[in-house]
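# Coordinates in review
These are the residues of each chain, in order.
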Amino acid sequence: MNFRENLDAVKEKIRRITEIEKVKLIAVSKTQPVEIIKEALLNGIEIIGENKVQEATEKVPLLKNLYKEFHFIGHLQSNKISKLMELKPDLIHSIDKFSTADKINKFMEKKNIYQDVLVQVNTSQEKSKYGISPQTTRQFISDLEPLKNLRIRGLMTIGAFTQDKKVIRKCFVLLRELFESLHSLNQDNLCLKYLSMGMTNDYEIALEEGANMLRIGTGIFGMRN
Ligand SMILES: *Cc1c(COP(=O)(O)O)cnc(C)c1O
């Protein structure tokens, strides 16, 4: 595994575009076996990201004292929420339904703790993608105001699935502009900090457009099976 080289190359590219201290790098460890993730965590990775609750339930407890943060980045089904909560994710990137947010909030309320979340926005408007439409994101966030045990930390998007860099860039610009416009909302559970955008094939564009949280899988671990 030339994991070290991969990680160094990613970091070097980040440094060319922005101050690396300002960027949180999520190593997307989905489909990777525990042994490989362990090695990564002993060699410079601090944050891991998983996209399936079942897979996370099998792997994350075995990595408990090795990671600094565990992020859930995938679509969250309502019937998997309590299972996910048991894993104590440091951040959930994929809130795009009130009922899901409400359920997480109720869970946290009982324990009197907070859950950090991001709202996922479908900036490419591709039908296959999850996320709130850009036009209704502001209203959606306002609707979350009564959920006092959530802390909305920012926005997440997946760039358009295309080779056309202009089209990809538009997605990221849209997310950044939305993010900036939300600062005028005065809402107790709103504590905006993160723009989660950029994956292996588009993270440089994302960084140029203001991303401060990258989700990189193959660029760090190599190809998935
Ligand atoms: C798989 C995945 C990634 C990482 O994808 P790569 O192209 O391997 O970097 C990022 N975000 C989400 C939501 C994913 O599911």
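Rules and cut-offs
Residues numbered from 1 in each chain as written. Predicted model: local features only at pLDDT ≥ 70, side-chain atom pairs only at ≥ 80, totals over all residues. Heavy atoms only, no water. Helix = DSSP H or I, 4+ residues; strand = E, 2+ residues; numbered from the N terminus. Rg over C-alpha atoms; globule rule 2.2 N^0.38 Å. Buried < 20%, exposed > 50% of the residue type's maximum accessible area, 1.4 Å probe, protein only. Contact = heavy atoms within 4.5 Å. Areas by Shrake-Rupley, 256 points an atom, 1.4 Å probe, with all protein chains shown as cover. Lys, Arg positive; Asp, Glu negative; His and termini not counted. Charge placed at Lys NZ, Arg CZ, Asp CG, Glu CD. Near = heavy atom within 4 Å. Polar contact = N/O pair within 3.5 Å; in protein donor to acceptor, adjacent residues only side chain to side chain. 1 Å grid on protein atoms, 1.4 Å probe; cavity = no way out; pocket = protein on both sides within 12 Å on 5 of 7 lines; lining within 4 Å. Sits in = over half its atoms within 2 Å of the grid points. Core = buried A, V, L, I, M, F, W, Y, C linked by side-chain atoms within 4.5 Å. Salt bridge = Lys/Arg side-chain N within 4 Å of Asp/Glu carboxyl O. Expected span 1.5 Å × (residues − 1). Arc of directions from axis to C-beta.

Our next topic: the overall build of the protein. Across its full length, the protein carries 9 helices and 8 strands. In terms of overall dimensions, the protein is globule-like: its C-alpha atoms have a radius of gyration of 17 Å, near the 17 Å expected for 225 residues. By principal-axis analysis of the C-alpha atoms, the protein measures approximately 45 × 40 × 30 Å. Here the protein holds 225 residues, and 51% of them are scored as buried. The long-range share in the protein, meaning contacts at least 24 apart out of those at least 6 apart in sequence, stands at 60%. Carbon and sulfur atoms make up 48% of the accessible area of the protein, which amounts to about 11400 Å² in all. Charge separation in the protein, taken as the distance between the mean sites of 35 positive and 29 negative side-chain charges, equals 3 Å.

Looking now at the site of the ligand. Taken together, the residues surrounding the ligand are Val28, Lys30, Asn51, Ile73, Ile158, Met199, Thr200, Arg215, Ile216, Gly217, Thr218 and Arg224. Within the side chain of Arg215, one N or O atom sits 2.9 Å away from a nitrogen atom of the ligand. Thr218 places a main-chain nitrogen or oxygen 2.9 Å from an oxygen atom of the ligand. Starting from 390 Å² of accessible surface for the ligand in isolation, the protein chains cover 90%. Judged by its atoms lying within 2 Å of the grid points, the ligand is housed in the largest pocket.

With that out of the way, let us pick up the nonpolar core. Membership of the largest hydrophobic core comes to 64 residues, with the highest contact counts inside it found for Leu155 and Ile220. In terms of residue count, helix H7 (residues 165–181) provides more of this core than any other element does, 6 residues in total. Residues within four places of Leu155 in sequence aside, it is in contact with Leu118, Val119, Val121, Thr137, Ile141, Leu175, Leu178, Phe179, Leu182, Tyr194, Leu195 and Ser196. If you look at the next biggest cluster of nonpolar residues, it comprises 7 residues, including Leu118, Met156, Tyr194 and Met213.

Tallying each qualifying case throughout the model produces 15 salt bridges. Of the charged contacts, one joins Lys59 and Glu50 as a salt bridge, the two residues approaching to 2.8 Å between their closest N and O atoms. Its relative accessible area of 7% is what places Lys59 among the buried residues. On the accessibility criterion, Glu50 (1% relative accessible area) is buried. Salt-bridge contacts for Glu126 lead to Lys129; the nearest nitrogen and oxygen are separated by 2.6 Å. Each of Arg169, Arg176, Glu208 and Glu209 takes part in a single network of salt bridges with overlapping partners.

The next subject is the side chain of Gln120. Along the chain, the position of Gln120 falls in strand S5 (residues 115–120). Aside from chain neighbours lying at most four places away, what touches Gln120 is His93, Ser94, Ile95, Asp96, Tyr130, Gly131, Ile132, Met156 and Ile158.

To continue, consider helix H5 (residues 98–111). Structurally, the α-helix is built with 3.6 residues per turn, so residues lying three or four positions apart point the same way. Relative to the 20 Å expected for 14 residues at 1.5 Å per residue, H5 spans 20 Å between its end C-alpha atoms, a close match to the ideal helical length. For H5, the complete set of buried residues consists of Thr100, Ala101, Ile104, Asn105 and Met108. Down the axis of H5, the sector holding all buried residues measures 130°, keeping them to one side. Contacts from the buried residues of H5 go to helix H4 (81–86), strand S4 (91–95), S5 and strand S6 (150–156). Directly after H5, the chain includes Asn112, whose backbone phi takes a positive value near 60°.

Purely geometric stuff here, so don't read any function into it on its own.
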